[in-house]
Every structure is written in structure tokens, then in C-alpha cells.
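Examining the three-dimensional arrangement
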Amino acid sequence: MRVVICGAGQVGYGIAERLASERNDVSVIDTSPTLVQAIRENLDARGFIGHGAHPEVLAEAGAEQADMLIAVTLHDEVNMVACQVAHSLFNIPTKIARIRAQSYLQSHWQDLFSTDNMPIDVIISPEVEVGEMVLRRIALPGAMDAVRFADNSTAMVAIECRDDCPVVNTPLGQLTDLFPDLSATVVGILRGTNLFIPGSGDQMVAGDVAYVVVERTHVKRTLGLFGHAEPEATRIVIVGGGNIGYYVAREMERRDLRAKLRVIEANHDRAVSIADTLKRTIVLHGSGLDQGLLSEADIETSDLLVALTNDDKVNVLSSVMAKRLGCYGNLALLNNQDFQGLTRPLGIDAFINPRSVTISRVLQHVRRGRIRAVHSIQNGLAEAIEAEALETSPIVGTPIKELNLPEDLRIGAVYREGKFLKPTGNLKIRARDRVVIFAKAGAVRQVEQMFRVSLEFF
């Protein structure tokens, strides 16, 4: 696939890194010579210095032969114009744009992004994507990561195996025998820096992070079996009233989630603005690092602090401070990968990487075959993928135990006609089934091949 990426920042670089590693033909455009030089030196991709919306720059980057344009610069308007130019002058089939300003995305302007107006095939709003991820984490206390598949019938949760975890040091096959009615499958284990696909004889040990695909109604029971029976958070403090923090608070009010909310916002005008809009949320003006202000927000009796500022250091320190003041749990937004390795020693229960969330959303549309959803795991070590089986898919009609699947992937669930099916050895996948797969990076291409339309279909 030939892909042109406009923007070489964290997200653009991450997308280019992933696609180039999979031997796609990748060109990256950015106005920063430093960022372009990093692309040229570190990735198997071409870098071009220039404005991503300028026709001559797009032409130099190979837009005439491109299959896809991904516009993820820092400026919405540049991303929008780049897609328009890609459509009007180069007829690029698929155009993806990151749009941050919510004013463009209001429902009564929905005709703006259409072929006749602004031809953008896929719009990605990082604030909405990250905000929804935060809401899922709040709904699943005890999970380090959580994503939903198959019309919300299925979840994949990452669970830390602590010293008191009841299911450690037990072969996975034995766990299946002990809990035969539990609709859950351990599909991956992270041990230190090593991520592997476990077999029935493998065991989890203290310190592992287990990736479990589970029926939605069995999530809380599964977390409890791992020793994570944390109660649902009903008293929440949000540090940061920016786009993401405001989105989370507003959605919790709109969905009538019965939680007592407090938001701490450092910018006075912003604090006043969101206080006027939010109905049941108390907004406090000040720093999330102010111990007195945290106490005023009743942090000592709160269930959860969610740090969502644009400053990683503030998010880390406010999370640590909240725990020491008596807050039960915390969740931090972290952009810097170097900080992510410090979360466990510092006592941060869970974190969200906005870059990873955005890249996952892009990959959903880059992947070939009938791919419905993608979630990147551990900065690209693996992916959780939901794919639809076709009549010509090689996995259709054969018992799973006879499929001879690669060792680096595992089927976690099958969704058929509105029902969750646990992937037993005798289960045969049918056409139109939606299959949730956990695959290490090297096996992703094989997943794509398993769900592509073959020529026999036509």
C-alpha cells in the first residue's frame, strides 16, 4: 500500500513507524526539517519538507500513486485542505483527517464532510477517542486497559496479576476446567518487556499483565477472579478541564452516571466557562498539584483521581499526591513513553496514551480485509483486532483446533447473530461471524490475509 502522511509529530511518526515496519510504501510530509530528518534516519520511509496541503509537495511525495492520505498535522484546517487537494487533484481513494475542534463535528454540520463538500472518508477526533477510553476505564475499575468489540458484547481487559492474585501459578487449561461457565479467554501475557501468546500449559505469575477477552456481562466476575474486586468509583476528581476533561465530565452528566464529580482547572477563564456549562459538577480553579485544593476537592475520601491535563508531569505528580492523601485509585494521561515505565513504581494504577489511542483508530482503516476495529497493545507489540469472516475466508468451516493458526495469534471470541461464543477447539467459524483476535505485531499481516476477499468471491 502507498500511503502519504501529512504531519510527522508523535501520531504521524507512530503511524509511519508501524506502516513502514509492515513494508508499506510510506511518505511523510512536515514543515519541520528536524522531524523530517528523524523520519529519514530512523524509518524505512521517505521524508519531505513542506506544507502538507500544497499540491506540489503532495505530488513530490507521490500522491498521484497513493492509495491513502492520512492528515494528522497540528492544524485542523491544514488536514482538511490536504484531503480536499488529495481528492480534487490526485483522486486518492481514502482520506483520513484528524479534526480536534469540536465545532466542526457538531451534528447539525454533518454534511460538511461529504464528497460534494469536504471529501474526508474518516474523521478522527483525539479528544473524543481518548475521552471514551477514559469513560471505559472508569466503568471498569481494576482494569489497566479496556476496549470493547462486537457491538459492545465483548471486551478485552488488561489485568495486573498482583502477589495476592488467586489465579497465578495455575495452568491456564486447569483454570478453564475450574470455571467452565466463565466466558473469558487469556489471549496474551506481558511479563516484564516480553509479550507472548500463552498455551494451555502456561501459568501466570505475580507481576504479569494478562490480556483477557471476555463477554461483557462476565467482566466484573473475571476481574474478581484475578483479585480485582474494586468497587465502582462514585466520587471522582478530574484534574484538567480541557477538551478531554470537559468531555468526560459532560458525558458522565449526560449519561446520568451517578458519580459525584469535581474538576480542577488551572486556567481561570476556562474554569468559569466549563462551570457555566456543567450542571452537577463542582469546578475548582487552581493547580492539581496544590495539596490544599486537592483537600478542598475531598481527595481524602475520593474513589478515583483522573489526571487529564496537557502536562505529563502534572498528571504523574497529581496522581501520586492523590494516592498519598488517601484517594483509593488513579488514572493518568501520559504522552511521554519514558514516563509510562514509571507508573508501577510510582503507584499509578493505570494510564492512557493518547498517541496509541489515535494510532489504533487509524490502523482500523489501514488494515486490509474486513477489519472492524483495532486496538494497539503496548506501543505496537501486539494488536487486538475484530474482523468479519467471509465466505472465502480460509478459517470458515473448519474446527478451530484444526486451523493450524500461527503461534503468534489467538482467537479470543466469536460473535454470531448477537451472541458471544467462547472459542473452543470444536467451534467452526461461519461466514459473517465477527472474530476477536489477539495478534503479536509479526502476525498482523496473517490476520489480514485470513479476512480478505479472494478472487473466488467474485
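Residues numbered from 1 in each chain as written. Predicted model: local features only at pLDDT ≥ 70, side-chain atom pairs only at ≥ 80, totals over all residues. Heavy atoms only, no water.

**Section: the UniProt feature "domain: RCK C-terminal" (unreviewed entry) in the chain**
Taking the UniProt record as the reference, the feature "domain: RCK C-terminal" (unreviewed entry) is found at residues 144-228 and 372-453. In this annotation, residues 144-228 is assigned 16% helix and 35% strand; the end-to-end C-alpha distance for the span is 11 Å. (UniProt positions renumbered as here; feature names shortened; annotations may be inferred. Helix = DSSP H or I, 4+ residues; strand = E, 2+ residues; numbered from the N terminus.)

**Side note on the sheet that holds strand 18 (residues 371-377)**
Sheets are built from strands that pair by backbone hydrogen bonding, the pairs being arranged parallel or antiparallel. Strand order in this open sheet of 5 strands is 18-19-22-20-21, and the pairing throughout is antiparallel. Two strands in the sheet have a free side with no partner beyond their single neighbour: strand 18 and strand 21 (419-421). Along the sheet, successive strands turn relative to each other by an average axial angle of 20°, direction set aside. With 6 bridges connecting them, strand 20 (residues 409-416) and strand 22 (residues 434-440) associate as antiparallel partners. When the sheet's bridge partners are listed, Leu-409 is paired in strand 22 with Ala-439. Contacts from helix 14 (residues 354-366) reach strand 18 and strand 19 (382-388), with the element oriented near 150° to strand 18. (Pairing = 2+ DSSP bridges. Axes fitted to C-alpha atoms, helices over the stretch in contact; angles between N-to-C directions. Contact = heavy atoms within 4.5 Å.)

**Section: the sheet that holds strand 9 (residues 184-191)**
Ordered in space as 7-8-11-9-10, the 5 strands form an open sheet in which the pairing is antiparallel. Looking at strand neighbours, the two that pair on one side only are strand 7 (145-149) and strand 10 (194-196), the edges of this open sheet. On average, each strand axis in the sheet is tilted by 20° relative to the strand beside it, whichever way the strands run. As judged from the 3 bridges shared by strand 9 and strand 10, these two strands associate in the antiparallel manner. Paired with Ile-189 across the bridge in strand 10 is Phe-196.

**Topic: the confidence of the model for the chain**
On average, residues of the chain score 92 in pLDDT, and 98% of them are at 70 or above. Contacts for the low-pLDDT stretch residues 454-458, under 50 throughout, to residues beyond four places or in other chains number 5 contacts. (pLDDT = per-residue confidence, 0-100.)

**Description of the domain arrangement of the chain**
Interfaces are often sized by the amount of accessible area the parts lose when they come together. Considered domain by domain, the chain is made up of domain 1 (2-124), domain 2 (143-226), domain 3 (237-352) and domain 4 (366-451). Distance from the C-alpha centre of domain 2 to the C-alpha centre of domain 4: 18 Å. Counting residues at the interface gives 25 residues for domain 2, matched by 23 residues for domain 4. If you sort the residues of domain 2 by the area they bury against domain 4, Phe-149, Leu-195 and Ile-197 come out on top, with a joint share of 31%. If you look at where domain 2 meets domain 4, you find 1 salt bridge. The interface formed by domain 2 and domain 4 includes 9 residue pairs in polar contact (both at pLDDT 80 or more). Of all the secondary-structure elements, those providing two or more residues to the side of domain 2 that touches domain 4 are strand 7, strand 8 (154-160), strand 9 and strand 11 (209-215). When residues of the side of domain 2 that touches domain 4 are assigned to their parent elements, the largest contribution, 6 residues, is made by strand 9. (Domains from an automatic or database assignment. Buried area = accessible area lost by both parts, 1.4 Å probe. Salt bridge = Lys/Arg side-chain N within 4 Å of Asp/Glu carboxyl O. Polar contact = N/O pair within 3.5 Å; in protein donor to acceptor, adjacent residues only side chain to side chain.)

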